[in-house]
Amino acid sequence: MTTAVLSIGSNMGDRLGHLQSVVDGLPALAVSSVYETAPWGVTGQDDYLNAIVVVSHEDIDEWGWLHRAHTLENAAGRVREVRWGPRTLDVDVITVAGVTSEDPTLELPHPRAHERAFVLVPWLEVQPDAELPGHGRIADLVAALPASEIAGVRRREDLKLEAV
């Protein structure tokens, strides 16, 4: 059985609906609350809704999780024009239990996850004892983030993802 942590985000169209499509389309073990964050990397675009989904399946390896992520992005109309630009759906494979990879197509753990509050804060919510391989405990990584970055990850109590 392989367990993976996926970061999902959307800042175009039906943002919550796009996130829900991931929860509906994958075998979710845990789903975080929905958070709203300012765009990262490229400014001048709408805020993102973000969440973490922990998934598990005995027949899916790291490449299978990447394939499923891309399939869900494509179904949501994802277009890859601008790096860190606006998107209907972004599904990043953050880590897969027991797997490291330096393949440029799928670096594991995700090479920038340890510095992104929009990944770490929701992940801490659903797996408070989790560790990011090579970087340490998620709780410690969150504690090391600047307070302004943590404050920029705003839980949306009015929005909820429904696990099937």
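Residues numbered from 1 in each chain as written. Predicted model: local features only at pLDDT ≥ 70, side-chain atom pairs only at ≥ 80, totals over all residues. Heavy atoms only, no water.

K.L.:
Tell me about the overall build of the protein, residues and numbers included.
P.N.:
Within the protein, the regular secondary structure consists of 5 helices and 10 strands. For the protein, the C-alpha radius of gyration of 15 Å lies close to 15 Å, the compact-globule estimate for 164 residues. Reported as C-alpha extents along the three principal axes, the dimensions of the protein are approximately 40 × 35 × 30 Å. Out of the 164 residues in the protein, the part that is buried amounts to 47%. Of the roughly 8200 Å² of accessible surface on the protein, a fraction of 50% belongs to carbon and sulfur atoms. Between the mean site of the 13 positive side-chain charges and the mean site of the 25 negative ones, the protein shows a separation of 5 Å. (Helix = DSSP H or I, 4+ residues; strand = E, 2+ residues; numbered from the N terminus. Rg over C-alpha atoms; globule rule 2.2 N^0.38 Å. Buried < 20%, exposed > 50% of the residue type's maximum accessible area, 1.4 Å probe, protein only. Areas by Shrake-Rupley, 256 points an atom, 1.4 Å probe, with all protein chains shown as cover. Lys, Arg positive; Asp, Glu negative; His and termini not counted. Charge placed at Lys NZ, Arg CZ, Asp CG, Glu CD.)

K.L.:
Quick one: what's the story with the nonpolar core, residue by residue and with numbers?
P.N.:
I8 and W65 are the most contacted members of the largest nonpolar core, which has 27 residues in total. Those elements that provide at least two residues to this core are β1 (2-10), α1 (15-25), β4 (48-57), α2 (62-75), β5 (90-96) and β7 (106-108). Within the second largest apolar cluster, 20 residues are counted, among which are A113, L132, L141 and V153. (Core = buried A, V, L, I, M, F, W, Y, C linked by side-chain atoms within 4.5 Å.)

K.L.:
So what's going on with unusual backbone geometry? Which residues, and what values?
P.N.:
In this chain, L108 is followed by P109 through a cis amide linkage whose omega measures -5°. On the secondary structure map, P109 appears in the loop between β7 and α3 (117-126).

K.L.:
Residue-level account of the layout of surface pockets, with values.
P.N.:
By volume, the largest pocket is sized at about 740 Å³. Residue lining of the largest pocket: 31 residues in total, with R87, D90, D92, H110 and R112 positioned closest to the centre. Counting residues per element, the ones that place at least two in the lining of the largest pocket are β1, β4, α2, β5 and β7. Looking at which element gives the most residues to the lining of the largest pocket, the answer is β5, with 4 residues. (1 Å grid on protein atoms, 1.4 Å probe; cavity = no way out; pocket = protein on both sides within 12 Å on 5 of 7 lines; lining within 4 Å. Points joined across faces, edges and corners; volume = space filled by probe spheres on them.)

K.L.:
Describe the pattern of salt bridges, naming the residues involved and giving the relevant values.
P.N.:
Counted by the stated rule, this structure contains 9 salt bridges. Close ionic contact of E73 with R78 constitutes a salt bridge, the shortest N to O distance being 3.2 Å. By the burial criterion, E73 is buried, and R78 matches it. A salt bridge links E157 to R155, with the shortest nitrogen-to-oxygen separation between them at 3.9 Å. Accessibility expressed as a relative area gives 43% for R155, which makes it partly exposed. Shared partners join several salt bridges into a network, and the residues in it are R15, E36, R156 and D158. (Salt bridge = Lys/Arg side-chain N within 4 Å of Asp/Glu carboxyl O.)

K.L.:
Account for the side chain of S7, naming residues and giving values.
P.N.:
Residue position: S7 is located in strand β1. On the accessibility criterion, S7 (3% relative accessible area) is buried. Beyond its immediate sequence surroundings of up to four residues, S7 is in contact with A51, I52, D90, V91, D92, I94, F118 and V119. (Contact = heavy atoms within 4.5 Å.)

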